[in-house]
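# Understanding the architecture of this molecule
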Amino acid sequence: MASPLHCLLLLLSAICILTAPTSATSRKSLNHDHKKDQISLRIPLTRIDSGKNFTKAEHIKRAVERGMRKFQRHTTLATGASYDAQTPLRSGGGEFLMDITFGTPPMTYQEVMDTGSDLIWTQCQPCQKCYNQPFQIFDPDSSSTFSVVSCSSQYCQDLPSSTCDYNSNGCDYQYGYGDSSSIHSSSIQGYLGSDTITLDSASFPNIVFGCSNNNHGTFEQTGAAGIVGTGNSPLSLPTQLQVSEFTYCLTSVDSSATSTYYLGPAADAPSGTKMTTPLALSSQEVYYFINCVGMSVGGQEVGSADDFAPNGDGNGGMIIDSGTTFTNIPSNVMQNLQNVIPQITGLSMADSDYGLPLCLQLNDYDYGSNSNTNLPDMVIHLQGMDLNLSGENVWTYPTQGIACLAMTALSGLPLSILGNVQQQNYWIRYDLANEVLEFTQTTCGQ
C-alpha cells in the first residue's frame, strides 16, 4: 500500500497539471502543423450588403467606402500617422459575414470574417457604449461556461497591448482602427474572456475572444456583432483551433449562390489545376503577404516587381485580404493602366462617381451581359504562378454603358491588397503548415 506521503505527492502533481494555465502557440508562423486530430468545418459566408435594396452603383460606392475605412487603418499603421501610442492600431472590417455561436446556452451572431484581423471579438453586456446590432448583445453572466482570462495568461501577453484589471485580475485591451482624427476611425475596448463557441454544429470549449463593451465608430454599418479574426496571429480562430489549413471559395458579387469558408481539410475541393505561391508569414505581422512580381493587361506590362516590392523600412509588399472588395495598387500602376487601356480598347475614359479611378464609356453595350469583347483581360504575376483574370474578375458595370476597372489606387499607402473581386470563383487554400497559398479556378457556390 502506498504511503500517505506518496499519495500526497501524487495529489499535488495532479492539481498542478489541472491548474496549469492555457497558453497560446508561439510562432515564426505559428506552428499550425502540430494538431493531430484535424477538424473539418464548412461555414457559409454572406456578403455584407446581400439582399439589401441598393442599385449596382450604390453597391460599388458602399464597397469603396468600406475599403477607404480599412485603407485608413492600413495607412495609419504603415505611415506612422499620429495616434494614441497606448492604443494599438489594427485593420478591421470586411465584406463577408459568418455565423458564430457563443456560450451556454448558445447565442448565435453574425460577425465579419476577416483575414486582415487578429482578434475574435463580440459586443458584450453590460455596455458602456455599444452600437446597434440586429440581435441581442451577448451577456457573459448568462453563460455557464464563460470565464475571464487572467493577466498571467499567454493570450493576454499575445495582445499588442494590454492592461491588468487588479480588481478582477482580468486582461483589458483597447484597439484603435485608424487615425483618431479621421472620420473613418473606430475603437473597441473590453476584456478577454473564454467560452465555448459553436461553428457548423461543432462545439469548441475555452476559445479566447474579446468581450468589447465600449465601442465607437463605423462598425454599425456592417450589421455585425463583431469580427472573427482569421489572420496570422496566436489569437485568431485558425490558430486557436490549431488547424493547418483553411480555404474559402467566394462567389461572384452578383451571384445569389453562397460563398463558403472551410476550416481544416475540405472534402469537396475542386479537381482543376492547382497553382501555388509562397505565403510570407511573420510573428510580427497579422497579414498574409504574397510576392507580386508584376502586372500586365492585354499583354502589356503595367507594373513591375519593384512597384510591388517591400521597401527598406518594412512597409510595402502585397497582402491577400478577404475583407477588401477591390484590389488596391500603387498610383503609378493605376496611371499606367489609365494610359494603356484606352489605347488597347479604343474606348474613351468616362467620369466616375463611383470611387473607382478607371471607367470607360462603352459602345453599343448590352448592360449586364458581360459580353463586351473590347475589354482586356489582366494577369497579376505572383511568385511561381500567374493569376489570370477576365470578365467579372476585372470589370464591374455600375450603370448602363459604363465599365469600371475593379481596382482602386492607394493614396499614401505603400501596401498593395489583392481584393476579393479578383479572388472570386477561385478556390483559395491557405496551407499554413507549409506556408503556401493555393489557387484553383472553379465556379464557387455549386
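In this text the structure is predicted, and so the values were computed from the model without any measurement.

### Re the overall build of the chain
The helix and strand tally for the chain stands at six helices and 28 strands. Split into buried and exposed, the 446 residues of the chain put 54% on the buried side. Expressed as a percentage of contacts within the chain between residues at least 6 apart in sequence, the contacts between residues at least 24 apart total 70%.

### Side note on the sheet that holds strand β22 (residues 385-389)
Spatial strand order, β16-β15-β21-β22: four strands in an open sheet with antiparallel pairing. Each having just a single partner strand, β16 (300-304) and β22 make up the two edges of the open sheet. Here the strands of the sheet are splayed against their neighbours by 20 degrees on average, with no regard to which way each runs. The pairing of strand β15 (residues 292-297) with β16 spans four bridges and is classified as antiparallel. By the bridge assignment for β16, Met295 is matched with Gly303. Its contacts with the sheet place helix α6 (residues 331-345) against β15, β16 and β21 (378-382), and it is angled at close to 175 degrees to β16.

### Digging into the pairing of strand β12 (residues 259-263)
Summarising burial for β12: five of the five residues are buried, a large majority. The side-chain alternation of β12 yields two buried faces, one formed by Ser259, Tyr261 and Leu263 and the other by Thr260 and Tyr262. Pairing geometry for strand β1 (residues 41-47) and β12, over five bridges, is antiparallel. Note on β12: the bridge partner recorded for Leu45 is Ser259. Here four bridges tie strand β11 (residues 245-249) to β12, and the two strands are oriented antiparallel to one another. Residue pairing across strands places Thr247 opposite Tyr262, the latter belonging to β12.

### A look at the sheet that holds strand β20 (residues 359-361)
Within the open sheet, the four strands sit side by side as β19-β20-β24-β23. Their pairing is antiparallel. What marks the edges here is a single partner per strand, and that holds for β19 (348-349) and β23 (395-399). For β23 and strand β24 (residues 402-405), the ladder comprises three bridges, and the chain directions are antiparallel. Among the inter-strand pairings, Trp395 is bridged to a residue of β24, identified as Leu405.

### Concerning the environment of Met407
Within the secondary structure layout, Met407 lies in strand β25 (residues 407-409). Sequence separation between Met407 and Gln422 is 15 residues; the distance between their C-alpha atoms is 9.0 Å. Once residues lying within four places of it in the same chain are set aside, the contact partners of Met407 are Met295, Phe326, Thr327, Ile329, Met334, Leu356, Pro357, Met378, Ile380 and Gln422.

### Re the nonpolar core
Ranked by size, the top nonpolar core spans 72 residues in total, and within it Leu199, Leu263, Met295, Ile320, Leu337, Tyr430 and Phe439 carry the most contacts. The element contributing the most residues to this core is α6, with five residues. Ignoring sequence-local partners within four residues, the contact set of Ile320 consists of Thr115, Tyr248, Tyr288, Ile290, Leu418, Gln423, Ile428, Tyr430, Leu437 and Phe439.

### Notes on the confidence of the model for the chain
Predicted coordinates in areas of low pLDDT are best not read in detail. When pLDDT is averaged along the chain, the result is 81; 76% of the residues meet or exceed 70. Long-range and interchain partners of residues 4-37, a stretch whose pLDDT sits below 50, account for 44 contacts in this model, where long-range means more than four residues apart. In this model residues 75-93 is a low-confidence stretch, pLDDT under 50, and it forms 57 contacts with partners more than four residues away in sequence or in other chains.

### Remarks on the packing of aromatic side chains
Each pair of aromatic rings is reported with the distance of its centres and the angle of its planes. The full count for this structure, using the stated rule, is 18 aromatic pairs. Geometrically, the ring pair formed by Tyr248 and Tyr430 is tilted, given 5.6 Å between the ring centres and 50 degrees between the ring planes. Taken together, the residues span a long stretch of sequence, with Tyr248 in strand β11 and Tyr430 in strand β27 (residues 426-431) at a distance of 182 residues. By the burial criterion, Tyr248 is buried, and Tyr430 matches it.

### Things to note about unusual backbone geometry
Between Thr104 and Pro105 the backbone carries a cis peptide bond, its omega angle lying at 5 degrees. Residue position: Pro105 is located in the loop between β2 (96-102) and β3 (107-114). Backbone geometry at Asn169 places phi at a positive 60 degrees, although glycine is not the residue there. Looking at where Asn169 falls in the secondary structure, it is placed in the loop between β6 (163-165) and β7 (170-177). At Gln242, a residue that is not glycine, the phi angle is positive and equals roughly 60 degrees. Tracing the backbone through its elements, the reader meets Gln242 in the loop between α4 (237-240) and β11. For Gln242, a relative accessible area of 26% puts it in the partly exposed group.

### A closer look at the pattern of salt bridges
Evaluated as defined, the whole model comprises four salt bridges. For the salt bridge of Arg42 with Asp268, the shortest nitrogen-to-oxygen distance reads 3.5 Å. Of this pair, Arg42 sits in strand β1 while Asp268 is found in the loop between β12 and β13 (274-278), placing the two residues 226 residues apart along the sequence. Judged by its relative accessible area of 44%, Arg42 is partly exposed. Overall, Asp268 belongs to the partly exposed group, its relative accessible area being 39%.

### Some words on the state of the cysteines
One pass over the structure, following the stated rule, counts six disulfides. The side chain of Cys124 participates in a disulfide bridge whose partner is Cys211; the two sulfur atoms lie 2.0 Å from each other. Disulfide Cys124-Cys211: the torsion about the S-S bond is -85 degrees, which places it as left-handed. Here Cys211 lies in strand β9 (residues 202-216) and Cys124 lies in the loop between β4 (121-123) and β5 (147-148), a separation of 87 residues in the sequence. Classification of Cys124 as buried rests on a relative accessible area of 0%. With its sulfur 2.0 Å from that of its partner, Cys127 forms a disulfide with Cys130. With the S-S bond torsion at -90 degrees, the cross-link from Cys127 to Cys130 turns out left-handed. Described in terms of the sequence order of its bonded cysteines, the disulfide pattern of the chain is 1-8, 2-3, 4-6, 5-7, 9-12, 10-11.

Rules used throughout
- Residues numbered from 1 in each chain as written.
- Predicted model: local features only at pLDDT ≥ 70, side-chain atom pairs only at ≥ 80, totals over all residues.
- Heavy atoms only, no water.
- Helix = DSSP H or I, 4+ residues; strand = E, 2+ residues; numbered from the N terminus.
- Buried < 20%, exposed > 50% of the residue type's maximum accessible area, 1.4 Å probe, protein only.
- Contact = heavy atoms within 4.5 Å.
- Pairing = 2+ DSSP bridges.
- Axes fitted to C-alpha atoms, helices over the stretch in contact; angles between N-to-C directions.
- Core = buried A, V, L, I, M, F, W, Y, C linked by side-chain atoms within 4.5 Å.
- pLDDT = per-residue confidence, 0-100.
- Phe/Tyr/Trp six-rings, centres within 6.5 Å; stacked < 30°, edge-to-face > 60°.
- Salt bridge = Lys/Arg side-chain N within 4 Å of Asp/Glu carboxyl O.
- Disulfide = S-S within 2.5 Å.

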